[in-house]
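Here's the letter readout for the chains.
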Amino acid sequence: MKDGTPMKDGTRGRESAGPAAGTAPATRGSGAAAPDAAEPRTSLGRRLLETPEVGVVAACVVVFVFLALDKSTFAGAVNLQGMGFDLAQYGLIAIGESLVILTGGIDLSVGALLGTSVILMSWFNVRAGLPPVLAILVTLLICGTVGLIHGLAVTRLKMAPFVVTLVTYTVAQGVTLAITSGTSIIGIGGTFSDLGQTYVAQVPLPLILFVVVALVAWFFLERTYAGRQVYAVGGNPEAARLAGIRGDRRIISMYVTSSLLSAFAGILVLGRMGVGSASGVGVGWELSAIAAAVIGGVSLVGGQGRILGIVAGTVLLELINNGLTTLQINSNYTNIVLGCVLGLAITADRLRARSVARRG
């Protein structure tokens, strides 16, 4: 099945990330007796320019250098470590959100579910008296069940992903306030702080965990048949169905994964804060997750995008967010800047989609 229809449809997004992947063999087999020495360099340069992730990676480098030159404290160890904590939290839900978008859906509940998981773990640990590890497992089970409900509603009931996850977004915020009555839960176990505040060779543990999750997601999407099926389902559902791919299973599994990653991010947030706070935790984070995905090259219509771009998109958003704070720019302008960046990313996504359609 590796050379069959599922692979072609399933890798449509990845082909656009490297259109010239098949160029070199064709050039070598074109009959030229002695290829020009500059040809490999030209081919490599063209491949780099046509790779969607190059733009966002370059933007990360430019923004970092600019801010580091303007403010020496920006590139300091303390600030970089703080960015590492933030990057891990936003990055985890961005990966989960992106996996859902790749199937052609969307998950508006990732931020609210993160906030609810913080409160659930705190409540289970402090009020119910469960050990931290057990409180974490129960919360993961609950969040995984929520993701399962999302997937079943989308695949079996044919409900719009936007509507299904919007309901969860609203309910999750209500549950958070109902449990806490607007007050924080204090006295959580030290296991949470161990996970959320530990350093390994001066590198925040949450950042290391995020990198591990990103590598696992990359391997799944790029190196497994199931990952290629995710691309196939999002890129062309009907072709995937005719090829015998069980699209419902792939969609459900991505919604479950998204919810689990929200809960996992909640563990890190709780460990960093040290209290179960219901005040603004996770609010609006779903927009940052979507923005990171789109900026990183994930198509909102599904079937296109790679983990490298998602990570780079998250890094760029964190650089902008932290940079505005470092430059002491009024926080009221932060959302304006991030909104403009998201708007440009969505516009670029649509222009890229139209360009691909014309070539086809």
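The structure displayed is predicted, hence computed values, not measured ones.

What should I look at first to understand the overall build of the protein chain in this one?
The helix and strand inventory of the protein chain stands at 17 helices and 2 strands. Here the contacts in the protein chain between residues at least 6 apart in sequence split such that 78% fall between residues at least 24 apart. Of the roughly 17200 Å² of accessible surface on the protein chain, a fraction of 65% belongs to carbon and sulfur atoms.

Explanation requested: the environment of Leu338 in the structure shown.
Note that Leu338 resides in helix 17 (residues 334–359). Given the relative accessible area of 18%, Leu338 is considered buried. Sequence spacing of Leu338 and Ala291 is 47 residues, and the spatial spacing of their C-alpha atoms is 8.4 Å. Among all residues touching Leu338, those that are not within four sequence positions of it are Leu317 and Ile320.

Explain the environment of Ile101 to me, please; I cannot follow it from the model alone.
Residue position: Ile101 is located in helix 6 (residues 77–102). Spatially, the C-alpha atoms of Ile101 and Ile290 are 8.7 Å apart, while their sequence positions differ by 189 residues. Other than its neighbours up to four places away in sequence, Ile101 contacts Ala293, Val298, Ser299, Leu300, Gly302 and Gly303.

Is there a simple way to explain the nonpolar core in this structure?
If you look at soluble globular proteins, the nonpolar side chains tend to sit buried side by side. Counting 58 residues, the largest nonpolar core has Ile95 and Leu114 as the members making the most contacts within it. Sort the elements by how many residues they give to this core and helix 6 lands first, with 10 residues.

Can you walk me through the environment of Val341 in this structure?
For Val341, the location among the structural elements is in helix 17. Along the backbone, Val341 and Ala292 are 49 residues apart, and their C-alpha atoms lie at a distance of 9.9 Å. Discounting residues that sit within four places of it in the chain, Val341 has contacts with Ile295, Leu317 and Ile320.

Sorry if this is basic, but what is going on with the pattern of salt bridges here?
Close approach of charged atoms allows side chains with opposite charge to pair. Per the stated rule, a full pass over the model turns up 2 salt bridges. Between Arg272 and Asp86 there is a salt bridge; the shortest N-O distance is 2.5 Å. You can see Arg272 sitting in helix 14 (residues 247–273) and its partner Asp86 sitting in helix 6, a full 186 residues away along the chain. Between Arg241 and Glu238 there is a salt bridge, and its shortest N-O distance comes to 2.5 Å. Placement of both Arg241 and Glu238 in helix 13 (residues 237–242) is noted, with a separation of 3 residues, approximately one turn of the helix.

Mind showing me how you'd approach the confidence of the model for the protein chain here?
With 84% of its residues at a pLDDT of 70 or more, the protein chain has an overall mean of 85. Every residue in residues 1–35 is under pLDDT 50, and counting partners more than four places away or in other chains gives 46 contacts.

What should I look at first to understand the packing of aromatic side chains in this one?
Two measures describe an aromatic ring pair: the distance that separates the ring centres and the angle between the ring planes. For the structure shown, the criterion picks out 4 aromatic pairs. Centre to centre, the rings of Phe85 and Tyr199 are 5.6 Å apart; their planes meet at 85 degrees, and the pair counts as edge-to-face. Of the two residues, Phe85 is situated in helix 6 and Tyr199 in strand 1 (residues 199–200); the sequence distance between them amounts to 114 residues. Take Phe85: its relative accessible area is 7%, and that puts it in the buried class. For the ring pair Tyr90 and Trp285, a centre distance of 4.6 Å and an interplane angle of 45 degrees mean the geometry is tilted. Placement of the pair is Tyr90 in helix 6 and Trp285 in helix 15 (residues 285–295), with a sequence separation of 195 residues. Overall, the relative accessible area of 21% leaves Tyr90 in the partly exposed class.

How should I be thinking about the packing of helix 10 (residues 190–197) against helix 14 in this particular structure?
A packed helix pair is summarised by two numbers, namely the angle formed by the two axes and the spacing between the axes. Remark: helix 10 packs on helix 14, axes separated minimally by 7 Å, with the N-to-C direction vectors making an angle of 100 degrees. One way to sum up the angle between helix 10 and helix 14 is to call them roughly perpendicular. On helix 14, the residues that touch Phe192, Ser193, Leu195, Gly196 and Gln197 of helix 10 are Ile267, Leu268, Leu270, Gly271 and Arg272.

Where do I start with unusual backbone geometry in this structure?
Note: most residues except glycine have negative phi, and most peptide bonds are trans. At Ser181, a position not held by glycine, the phi torsion is positive, near 55 degrees. Mapped onto the elements of the fold, Ser181 is located in the loop between helix 9 (161–180) and helix 10. The backbone of Gln202 shows a phi angle near 70 degrees, a positive value even though the residue is not glycine. Here Gln202 shows up in the loop between strand 1 and strand 2 (203–204).

Conventions and cut-offs
- Residues numbered from 1 in each chain as written.
- Predicted model: local features only at pLDDT ≥ 70, side-chain atom pairs only at ≥ 80, totals over all residues.
- Heavy atoms only, no water.
- Helix = DSSP H or I, 4+ residues; strand = E, 2+ residues; numbered from the N terminus.
- Contact = heavy atoms within 4.5 Å.
- Areas by Shrake-Rupley, 256 points an atom, 1.4 Å probe, with all protein chains shown as cover.
- Buried < 20%, exposed > 50% of the residue type's maximum accessible area, 1.4 Å probe, protein only.
- Core = buried A, V, L, I, M, F, W, Y, C linked by side-chain atoms within 4.5 Å.
- Salt bridge = Lys/Arg side-chain N within 4 Å of Asp/Glu carboxyl O.
- pLDDT = per-residue confidence, 0-100.
- Phe/Tyr/Trp six-rings, centres within 6.5 Å; stacked < 30°, edge-to-face > 60°.
- Axes fitted to C-alpha atoms, helices over the stretch in contact; angles between N-to-C directions.
- Parallel < 35°, antiparallel > 145°, perpendicular 65-115°, else oblique.

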